[in-house]
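Notes for the structure review
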Amino acid sequence: MRRVLTGYAVYFNHRHKRVGHLFQNRYRSILCQKDAYFLELVRYIHLNPLRAGIIKTVGELERYPWSGHGVLVGKNNNDWQARDKVLQHFGFAHKKAIQAYRVFIEEGKEHRENDQYEGGGLRRSAGGWEIITGMKKAREYWQSDERILGEGEFVEQVLQSAEAEEAGVGKLRRSGWDLEKIAGEICKIMQVKKDDLRKKWRVSRAKKARALVAYWGKKLGISGIEISKYL
């Protein structure tokens, strides 16, 4: 996504002699708790052109090329789209699954709330903004994060797991792990010299070793700039 948002934007601006941002917002991904949340997201995303007034009906949405909905109902084709992974939630028989999916989309077209996924599903699992406001007045708090869609307990677990991973990275850095030590260990395993890491090999163990240094460097929280300077 970084290549699309930066590399392609630079190319497009150069080609059309323009400057500034090409895309309105940064790429956003959400970790979903379970099928119900996943399906609501599928519907929410695919109905966006209809809610925005770009098209007028669900029938038009099936022919609209800039949405995955047409692919799901078999009107368009994108080899890269995980069509079956969505349709399997609606049934095992192909035609019946498409039919059930169509009904699901139709049922959601009147839902206008654009904030239903704010707070990582907190509003949905708590029972609405009124309940959340009441919790705040009573000084009760429930973990939420816009990158995580699910019930409060699920959000808590994910954040705790992330904190544990971050703590593990900090422990490694405090025990002396840096790029130099990573490179030394990888070179030992791959049986290459450290100097070879800085040579532009096309196909070799040194090339794989470079990739491993970059991978584990990022895992350790070292910036891409620092890694590229090292290599």
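**Examining the packing of aromatic side chains**
Within this structure, the stated rule accounts for 5 aromatic pairs. Pairing Tyr 8 with Tyr 11 gives two aromatic rings, centres 5.6 Å apart and planes at 45 degrees, and the pair type is tilted. Placement of both Tyr 8 and Tyr 11 in helix α1 (residues 2-15) is noted, with a separation of 3 residues, approximately one turn of the helix. Among the residues examined, Tyr 11 registers a relative accessible area of 44% and is labelled partly exposed. With a centroid separation of 5.5 Å and 75 degrees between ring planes, the pair formed by Phe 90 and Tyr 101 is classed as edge-to-face. One end of the pair, Phe 90, is in the loop between α6 (83-87) and α7 (94-108); the other, Tyr 101, is in helix α7, with 11 residues separating them in the sequence. Taken individually, Phe 90 and Tyr 101 each receive the classification buried, so the pair is uniform in this respect. If you follow Lys 181 out to its NZ or CZ, it ends over the ring of Trp 177, 4.5 Å from the centre. For Arg 198, the ring lying beneath its charged end belongs to Tyr 230, and the centroid distance is 4.6 Å.

**Observations concerning the pattern of salt bridges**
Under the criterion given, the structure shown has 4 salt bridges. Salt-bridge contacts for Glu 62 lead to Arg 102; the nearest nitrogen and oxygen are separated by 2.7 Å. Pair noted here: Glu 62 is in helix α4 (residues 58-63) and Arg 102 is in helix α7, with a separation of 40 residues, a long-range link. Close ionic contact of Lys 194 with Glu 180 constitutes a salt bridge, the shortest N to O distance being 2.5 Å. In this pair, Lys 194 sits in the loop between α11 (179-190) and α12 (205-219) while Glu 180 sits in helix α11, placing the two residues 14 residues apart along the sequence. Using a relative accessible area of 30% as the deciding quantity, one classes Lys 194 as partly exposed.

**Description of the packing of α11 against α12**
The interhelical angle for the contact between α11 and α12, taken along N-to-C directions, is 145 degrees, at an axis separation of 9 Å. You can see that α11 and α12 cross each other, and the crossing is right-handed. Listed contacts from α12 to Leu 179, Ile 182, Ala 183, Ile 186 and Met 190 of α11 are Arg 205, Lys 208, Ala 209, Leu 212, Val 213, Trp 216 and Gly 217. Grouping the constituent residues of the contact of α11 with α12 by class yields 9 nonpolar, 1 polar and 2 charged.

**Observations regarding α12**
Between its first and last C-alpha, α12 extends 21 Å over 15 residues, near the 21 Å set by a 1.5 Å rise per residue. Turning to α12, its buried residues are Ala 206, Ala 209, Val 213 and Gly 217. Mapping the buried residues of α12 onto a view down its axis gives an arc of 70 degrees, with all of them on the same face. Looking at α12, the residues exposed on the side facing more than 90 degrees away from the buried face are Lys 208 and Lys 218. Of the surrounding secondary structure, the elements contacted by the buried residues of α12 are α11 and α13 (224-230). Where α12 begins, the capping side chain belongs to Ser 204, and its oxygen is found 3.2 Å from the backbone nitrogen of Ala 206.

Cut-offs used in this document
- In this convention, every chain numbers its residues from 1, walking through the sequence in written order.
- In view of the model being predicted, local features appear only for residues whose pLDDT reaches at least 70, and side-chain atom pairs are presented and counted only at 80 or more, with totals across whole chains, interfaces and linings using the full set of residues.
- Values shown for side chains rest on all heavy atoms present in the structure; no hydrogens or waters enter the calculation.
- Classification of ring pairs rests on two measures: the distance between centres of Phe, Tyr or Trp rings, Trp counted by its six-membered ring, which must be within 6.5 Å, and the angle between planes, read as stacked under 30 degrees, edge-to-face over 60 and tilted in between.
- Secondary structure is summarised from DSSP: a helix means a run of H or I of at least four residues, a strand means a run of E of at least two, and numbering begins at the N terminus for each.
- Whether a residue is buried, partly exposed or exposed follows from its accessible area with a 1.4 Å probe, protein chains only, as a fraction of its type maximum: under 20%, in between, or over 50%, in that order.
- In this scheme, Lys NZ or Arg CZ marks a charge over a ring once it lies within 6 Å of the ring centre and within 35 degrees of the ring normal.
- By definition, a salt bridge exists where a carboxyl oxygen of Asp or Glu is found within 4 Å of a side-chain nitrogen of Lys or Arg.
- Fitted lines through C-alpha atoms serve as axes, helices being fitted only where they are in contact, and the angles separating the N-to-C directions of these axes extend from 0 to 180 degrees.
- The handedness criterion is simple: a crossing whose near helix is rotated anticlockwise from the far helix by less than a right angle is left-handed, and one whose near helix is rotated clockwise is right-handed.
- Contact criterion: two residues are considered in contact whenever any of their non-hydrogen atoms come within 4.5 Å of each other.
- Charged residues are taken to be Asp, Glu, Lys and Arg, nonpolar residues to be Ala, Val, Leu, Ile, Met, Phe, Trp, Tyr, Cys and Pro, and polar residues to be all remaining types, Gly included.
- Residue count minus one, scaled by 1.5 Å, sets the expected span of a helix.
- Relevant arc is that of directions from the helix axis to the C-beta atoms, nothing else.
- By the criterion applied in these results, polar contacts are pairs of N or O atoms within 3.5 Å in which, for protein atoms, one can donate a hydrogen and the other can accept it, and in which residues neighboring in sequence qualify only through two side-chain atoms.

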